[in-house]
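Single-letter residue listing:
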Amino acid sequence: MYPEYMHESIKKVTQTRNKRYELAKSGKPVFPPMSSDEREEVLNKFHPDYKLESKRKIHIGPNKGESITTEVAEMLESHSRINPKSFDLSKPDYETDILIIGGGGAGAAAAIIASQSGVKSIISTKLRFGDANSMMSQGGMQAAIKKIDSPPHHYLDAMGGGHFDNKPELVRAMTEKGPDVVKWLEELGVVWDKLDDGSFQALHGGGTSRKRMLSSRDYTGAIILRTLMDEVRNQPDKVNVLEFMPTVELLLDEQGKCAGGVLYNLETEEYFTVKAKATIITTGGYGRLHIRGYDTTNHYGATGDGLVIAYRAGGKLLYMDSVQYHPTGSVFPEQIAGFLITEKIRGAGGQPLNKDGELFVFPREPRDVESSAIIRECVERKNGIKTPSERVGIWLDSPLIEMLQGDGYINKQFPAMHRQFIRYGIDITKEPMLIYPSLHYQNGGIEINEKCESNIPGLYVAGEASGGVHGRNRLMGNSVLDYNVFGRIAGEYASTYTKSVKLNKLSLDHINSYEKELKAAGIRTDLISPVLLPSYTPEDVRKRPLTAKYEGTLR
């Protein structure tokens, strides 16, 4: 439950609710949307990406000389976990057609498509199969399936949301294939929310010109990934899932083609080599690096591993200066700080309010703009509410949704959210939620083309690990569509590639070359990557002799 000192502010939220309800029912904007100049101003002043210290130049590798997110640069300018001399690559432990690195939605979709082509694959996943950000998405998936909508409308929204930095061919592929993905998922068993007449329920997301957010209550990611996982598990003769065995380096052949990877068994601490005709990276994002010190919505294994192993092998990265902060991460109860409060809450009528119960921003601005406005309200205007641990946040008025949509709407449409807060004595049908921007998404990644090909032959990338689809800001629901569309595409083109490629002698020479680059650039670091798992060990404890050899933290 909320501390006593917060009740006065909650009372003000209640007092302004009827007036805000009347305005919302009128159909008029509840708050003036920002002009393009106003958006630029709030971004430049308050978005974490725009702070001078948020970026620095990277000194080695394919993106040498570019300014990228500081924590990412530190992670990339680090040492490998392995000594290449320790491996006999003439006798790989596994051989397969495709090595899929990552056990989330994109990896599962790629494996399904590959198996339909008669191609065998191994899924190397750090934790359990399905322990991924894909499982945690709540609000929905965008797809232009309504009569008033179209893929071109969706395309323009996505391009505008990404500040027109997106790669147009990727956005076109994603938006045009959206309706097909909806049908494919439904045929596999996904149960979409429907209206009484049997048509799809669709809501607005921030930055969208049409209602195209399809959902499965607020379990959308879980429902989709469970369905994909079931399909993968039904094909054990075609797909071998290796759990708790992340890939820590790529294998190349002597001609520079990607030829598999080196896997590390987290339980036995053994290394294994996998020779593969094609490799697909689907490792997701890096939320657990806690960029700029922000809490995160991401799952425990989201440490940017795919970026590291691809970069070390010569993979070009794109837009690594851009991070997405979700406007509405939980800030209280503090046991769930960073927990995602889906944008669907605002799509259904929830409103962001300051300590005086006042609206201060249009509720459905693009995510980066909405986040910046919330930060401004708390930091510059001092209109936030402090928590007992000195965090700060603003209210998200969820009870207004019940007034607008009818009694029982929250429990029907947001059952997981409702139960999460009930655990802490907060009923979001009667009390607002306290929120603040939370580190949410890796806007950039490994650069790909419309076939999911990277600049390394035989290396494909799909989902959040890729760069270019969303530009420098992603709109809600496009990530779910992204990993389904490009997971399928990667599976298709990687499968075709395996039927003609001829691999030469395997090599880990690129690891030695990277070490030489580090030395030549004068970079001194004891950091080892991929990080694999984040550390929350306090600094004073880490310095004790018992943990003196602790490896791999960016916190």
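Residues numbered from 1 in each chain as written. Predicted model: local features only at pLDDT ≥ 70, side-chain atom pairs only at ≥ 80, totals over all residues. Heavy atoms only, no water.

Looking now at the overall build of the chain. When helices and strands are counted, the chain shows 18 helices and 20 strands. Taking 2.2 N^0.38 as the reference for a compact globule, 555 residues should give roughly 24 Å; the C-alpha atoms of the chain span a radius of gyration of 23 Å, in line with that estimate. C-alpha atoms of the chain, sized along the principal axes, occupy 75 × 55 × 40 Å. Here the chain, with 555 residues, has 62% of them falling under the buried criterion. Contacts in the chain between residues far apart in sequence, at least 24 positions, make up 74% of those at least 6 positions apart. Per element, the accessible surface of the chain, about 22100 Å² overall, is 49% carbon and sulfur. Both charge centroids of the chain, one from 70 positive and one from 71 negative side chains, sit 0 Å from each other. (Helix = DSSP H or I, 4+ residues; strand = E, 2+ residues; numbered from the N terminus. Rg over C-alpha atoms; globule rule 2.2 N^0.38 Å. Buried < 20%, exposed > 50% of the residue type's maximum accessible area, 1.4 Å probe, protein only. Contact = heavy atoms within 4.5 Å. Areas by Shrake-Rupley, 256 points an atom, 1.4 Å probe, with all protein chains shown as cover. Lys, Arg positive; Asp, Glu negative; His and termini not counted. Charge placed at Lys NZ, Arg CZ, Asp CG, Glu CD.)

On to the layout of surface pockets, then. Taken as a whole, the largest pocket encloses approximately 760 Å³ of empty space. Along its surface, the largest pocket is lined by 33 residues, and Lys211, Gly347, Ala348, Gly349 and Gln405 are the ones closest to its centre. Secondary structure elements with two or more residues in the lining of the largest pocket: helix 11 (344–347), helix 13 (399–405) and helix 14 (409–413). Top contributing element to the lining of the largest pocket by residue count: helix 14, with three residues. Among the residues forming the lining of the largest pocket, the class breakdown is 13 nonpolar, ten polar and ten charged. Of the residues that make up the lining of the largest pocket, three or more belong to each of domain 1 (4–50 + 325–439) and domain 2 (76–322 + 443–507). Each pocket or cavity is described by its volume, and for the second largest pocket that value is around 460 Å³. Met136, Thr297, Phe339, Leu340 and Gln420 are the residues nearest the centre of the second largest pocket, which is lined by 25 residues in total. Secondary-structure elements contributing two or more residues to the lining of the second largest pocket are helix 5 (133–136) and helix 15 (415–422). Ranked by residues supplied to the lining of the second largest pocket, first place goes to helix 15 with three residues. Grouping the amino acids of the lining of the second largest pocket by side-chain chemistry returns twelve nonpolar, nine polar and four charged. When we break the lining of the second largest pocket down by domain, the ones giving at least three residues each are domain 1 (4–50 + 325–439) and domain 2 (76–322 + 443–507). (1 Å grid on protein atoms, 1.4 Å probe; cavity = no way out; pocket = protein on both sides within 12 Å on 5 of 7 lines; lining within 4 Å. Points joined across faces, edges and corners; volume = space filled by probe spheres on them. Nonpolar A, V, L, I, M, F, W, Y, C, P; charged D, E, K, R; others polar. Domains from an automatic or database assignment.)

What the domain assignment reports for the chain is domain 1 (4–50 + 325–439) and domain 2 (76–322 + 443–507). Using C-alpha coordinates to define each centre, domain 1 is positioned 31 Å away from domain 2. Taken together, the contacts link 32 residues of domain 1 with 30 residues of domain 2. Roughly 2600 Å² is buried in total at the junction of domain 1 and domain 2, and carbon and sulfur atoms are behind 51% of that figure. Its largest share of buried area at the contact with domain 2, domain 1 owes to Lys344, Arg367 and Leu439, together 26% of the area lost on that side. Taken together, the connections running from domain 1 to domain 2 amount to two salt bridges. Note that arginine 391 and aspartate 295 form a salt bridge whose closest N and O atoms lie 3.1 Å from each other. (Buried area = accessible area lost by both parts, 1.4 Å probe. Salt bridge = Lys/Arg side-chain N within 4 Å of Asp/Glu carboxyl O.)

Our focus in this paragraph is empty space enclosed by the protein. Left-over empty space is what a probe sized like a water molecule reveals as it rolls over the atoms. Evaluation of the coordinates by the stated rule reveals two cavities of 30 Å³ or more. Along its surface, the largest cavity is lined by 49 residues, and Ala132, Asn133, Ser134, Gly284 and Glu464 are the ones closest to its centre. Among the elements of the structure, helix 4 (105–116), helix 5, strand 16 (433–442) and helix 16 (478–498) are those that each provide at least two residues to the lining of the largest cavity. Considering every element that reaches the lining of the largest cavity, the biggest residue donor is helix 16, with four residues. Formed jointly, the lining of the largest cavity draws a minimum of three residues from each of two domains, domain 1 (4–50 + 325–439) and domain 2 (76–322 + 443–507).

Before going further, it helps to spend a moment on the packing of aromatic side chains. Counted under the stated rule, the structure contains eleven aromatic pairs. Where phenylalanine 87 meets tyrosine 271, the ring centres are 5.8 Å apart and the plane angle is 85 degrees; that geometry is what we call edge-to-face. Placement of phenylalanine 87 in the loop between helix 3 (70–76) and strand 3 (94–101) and of tyrosine 271 in strand 10 (residues 271–281) is noted, with a sequence separation of 184 residues between them. Ring pairing ties together the aromatic residues Tyr2, Phe332 and Trp395, which thus form one cluster. Sitting over the face of the ring of tryptophan 184, arginine 488 holds its NZ or CZ atom 4.6 Å from the ring centroid. (Phe/Tyr/Trp six-rings, centres within 6.5 Å; stacked < 30°, edge-to-face > 60°. Lys NZ or Arg CZ within 6 Å of the ring centre and 35° of its normal.)

Take the side chain of serine 330 next. Within the secondary structure layout, serine 330 lies in strand 12 (residues 323–332). Residue classification places serine 330 among the buried residues on the basis of a relative accessible area of 2%. Separated by 3.3 Å, the side chain of serine 330 and the backbone oxygen of phenylalanine 332 make a polar contact. For serine 330, the contacting residues outside a window of four places in its chain are Ile336, Ala337, Gly338, Phe339, Ile341, Phe421, Leu434 and Ile435. (Polar contact = N/O pair within 3.5 Å; in protein donor to acceptor, adjacent residues only side chain to side chain.)

Membership of the largest hydrophobic core comes to 154 residues, with the highest contact counts inside it found for Ile281 and Phe486. The element contributing the most residues to this core is helix 16, with nine residues. (Core = buried A, V, L, I, M, F, W, Y, C linked by side-chain atoms within 4.5 Å.)

When the charged atoms of two side chains with opposite charge come close together, those side chains can pair. In total, this model carries 32 salt bridges according to the counting rule given. Across the pair aspartate 305 and lysine 126 runs a salt bridge, and its minimum N-O distance is 2.8 Å. One end of the pair, aspartate 305, is in helix 10 (residues 305–312); the other, lysine 126, is in the loop between strand 4 (121–124) and helix 5, and 179 residues separate them in sequence. Judged by its relative accessible area of 10%, lysine 126 falls in the buried class. Arginine 212 is the salt-bridge partner of aspartate 149, the closest N and O atoms lying 2.7 Å from each other. Taken together, the residues aspartate 149 in the loop between strand 5 (141–142) and helix 6 (151–161) and arginine 212 in the loop between helix 8 (178–188) and strand 6 (213–214) connect sequence positions 63 residues apart. An identical accessibility class is assigned to aspartate 149 and arginine 212; each is buried. Look at the salt bridges and you will find they share partners, linking Glu343, Arg346, Arg367 and Glu370 into a network.

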